[in-house]
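Descriptive analysis of the structure
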Amino acid sequence: MEKLKKRIQQLKKKRPNYGEILDFYQKIREEQEKIKVSLKLQPIHIKKEWKELLTKEGFPILERKDFQMDIEASTTLFQSLCNMGKDANPYMAEQVRKIEEAIDNKRIDPKELLKPGVKEQRIEQIANKFGLDKKVLLFLIQSSIKPSIESVMEQLLNELDTSTQLKGFCPICGSLPYLSLLKEEVGKRYLLCSFCGHQWRIERVFCPFCNNKEQESLHYFYAEGEEAYRTDLCDKCHQYIKTIDLRNIEEADPSLEDLATIHLDILASQKGYKRPVPNPWAT
C-alpha cells in the first residue's frame, strides 16, 4: 500500500484535477486489502483429466457463477464503501442514501446482489426499480466482491498453466479484458481480465474483441508527453483498449493508471470508438 500511496501522490501532482477521485481510489483499495486478509474461502482443486481437457481445448477454467464468494466479508465491504461514498461527492452521496434507504426498508438485500453469478441485467432491473444509477450500484458491487474474486483467481493460477492460451478472453473465467499491458524488456503484451484480474500473454498486433490481426486496420494514439499510455484502436470493430507500458512506470497499479487516464477514453469516444468494458470509475 505504501508504494500505491506514493504513486497516487505522483499522479496528483501531475494531474491536480484528478485529486478527489484518486483519494477515493486509495481509500477503497485500503478497505479491500483489509478485507482480503480475513476472507474465508475453501481450497480449490481441479481434477487432472479436467485440467488436461481445458488446456487442450482452450476453455476457461470457471464460469463467473462458479467463483466462490465470502458473502459476509463482501457485505461488510459493501457497507464500508457506501459510508465512504457519502463523502466522495454530492452525486455519490445521494445514490448511497437511496441504496441505504432501500436496504433499511428491506427492499434490497445486499447479500443477494453480492452472490456469484448475479447478472448485470438483474442489477439494472433493481436500479431502475428504485431510481438508482446502475453504474454506481454496479461499481459498489464489483468493488465489494473484488477481494474474493482475486483470491480465487490466485488459487487457480497454482492449478493450471494458462501461459499458452493466447486468446482475447480470460483463460480463467472467460471474461473480456479491460486493459492491455506491455511488460519486460522486449515489451511482451498482456491482457488484464475485467472480472478476475488475471493477466495473460497475447500477440502484440491483435484486437482481443474481434481477433483482427491486420496491421493496416490496427493503430493507436497517445497524448503528448504520455508515451507510456496509449489507446489501441481497431477499425474493423471500432472498439478500443488502453495499453499501459509498465516498462516506463515504476511499481504501477494498472487499475490506478487506467483511472488516471480517463481523458484518453474521452478522446477515443470522440473519435467514434467504443470500449467494450467501460472504466467503472468514469461514472
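Everything discussed here concerns the structure shown above.
Described in the following lines is the structure provided in the data block.

1. Remarks on the overall build of the protein chain
Regarding its fold elements, the protein chain presents ten helices and six strands. Here the C-alpha radius of gyration of the protein chain, 19 Å, is about what a compact globule of 283 residues would show, namely 19 Å. In terms of principal-axis extent, the alpha carbons of the protein chain reach across some 55 × 50 × 35 Å. Expressed as a percentage of its 283 residues, the buried residues of the protein chain come to 49%. Long-range pairs, those at least 24 residues apart, make up 63% of the contacts in the protein chain with a sequence separation of at least 6. Within the structure as shown, the protein chain displays about 15,000 Å² of accessible surface, and the carbon and sulfur contribution to it stands at 48%.

2. Details of helix H8 (residues 134-157)
Since one α-helical turn is 3.6 residues long, residues separated by three or four positions face the same way. With 24 residues, H8 should reach 34 Å at 1.5 Å per residue; the first-to-last C-alpha distance of 32 Å fits that figure. When the local axis directions of H8 are compared, the greatest deviation, roughly 45 degrees, occurs at Lys146, which is followed within four positions by the proline Pro147. Here H8 lies mainly inside the structure; 17 of its 24 residues are buried.

3. Observations concerning the nonpolar core
With 86 residues, the main nonpolar core has Phe67, Leu137, Ile172 and Cys196 as its most contacted residues. Sort the elements by how many residues they give to this core and H8 lands first, with eleven residues.

4. Some details on the pairing of strand S1 (residues 177-183)
Taking burial as the measure, the seven residues of S1 include six buried ones, the bulk of the element. Of the pairings in the sheet, the one linking S1 to strand S2 (residues 188-193) comprises six bridges and is antiparallel in character. What sits directly across from Lys183, in S2, is Lys188. Connecting S1 to the antiparallel partner S2 that follows it, the hairpin turn spans four residues, and Glu184 within it adopts a positive phi of roughly 65 degrees. The pairing of S1 with strand S6 (residues 239-245) spans three bridges and is parallel. Residue pairing for S6: Ser180 is matched across the bridge by Thr243.

5. Comments concerning unusual backbone geometry
Positive phi values are uncommon outside glycine, yet Glu184 reaches one of about 65 degrees. Relative to the assigned elements, Glu184 resides in the loop between S1 and S2. At Asn211, a residue that is not glycine, the phi angle is positive and equals roughly 65 degrees.

6. Side note on the pattern of salt bridges
Using the criterion set out here, one finds 28 salt bridges in the structure. The closest approach of N and O atoms between Arg15 and Glu226, which form a salt bridge, is 2.6 Å. With Arg15 in the loop between helix H1 (2-14) and helix H2 (19-36) and Glu226 in the loop between strand S4 (218-221) and strand S5 (229-234), this residue pair connects regions lying 211 residues apart in the sequence. As far as burial versus exposure is concerned, Arg15 and Glu226 are alike and both buried. Each member of the salt-bridge network shares a partner with another, and the members are Lys36, Lys146, Glu150 and Glu154.

7. Section: the side chain of Thr75
As for its position among the elements, Thr75 is in helix H4 (residues 71-85). Judged by relative accessible area, which is 7%, Thr75 ranks as buried. With sequence-adjacent residues up to four places away left out, Thr75 is seen in contact with Pro110, Lys111 and Leu114.

8. A few points about the side chain of Ser175
In this structure, Ser175 sits in the loop between H8 and S1. Once residues lying within four places of it in the same chain are set aside, the contact partners of Ser175 are Arg64, Phe169, Cys170, Cys193, Ser194, Phe195 and Trp200.

9. Points about the packing of aromatic side chains
Applying the stated criterion across every chain, the model contains three aromatic pairs. Where Phe67 meets Phe195, the ring centres are 5.3 Å apart and the plane angle is 90 degrees; that geometry is what we call edge-to-face. You can see Phe67 sitting in the loop between helix H3 (48-57) and H4 and its partner Phe195 sitting in the loop between S2 and strand S3 (199-202), a full 128 residues away along the chain. Side by side, Phe67 and Phe195 carry an identical accessibility label, which is buried. Sitting over the face of the ring of Tyr190, Lys183 holds its NZ or CZ atom 4.5 Å from the ring centroid. Note that Arg201 overlies the ring of Tyr190, its terminal NZ or CZ placed 6.0 Å from the centroid.

What counts and how
- Residues numbered from 1 in each chain as written.
- Predicted model: local features only at pLDDT ≥ 70, side-chain atom pairs only at ≥ 80, totals over all residues.
- Heavy atoms only, no water.
- Helix = DSSP H or I, 4+ residues; strand = E, 2+ residues; numbered from the N terminus.
- Rg over C-alpha atoms; globule rule 2.2 N^0.38 Å.
- Buried < 20%, exposed > 50% of the residue type's maximum accessible area, 1.4 Å probe, protein only.
- Contact = heavy atoms within 4.5 Å.
- Areas by Shrake-Rupley, 256 points an atom, 1.4 Å probe, with all protein chains shown as cover.
- Expected span 1.5 Å × (residues − 1).
- Bend = angle between axes of the 7 residues up to and from the residue.
- Core = buried A, V, L, I, M, F, W, Y, C linked by side-chain atoms within 4.5 Å.
- Pairing = 2+ DSSP bridges.
- Salt bridge = Lys/Arg side-chain N within 4 Å of Asp/Glu carboxyl O.
- Phe/Tyr/Trp six-rings, centres within 6.5 Å; stacked < 30°, edge-to-face > 60°.
- Lys NZ or Arg CZ within 6 Å of the ring centre and 35° of its normal.

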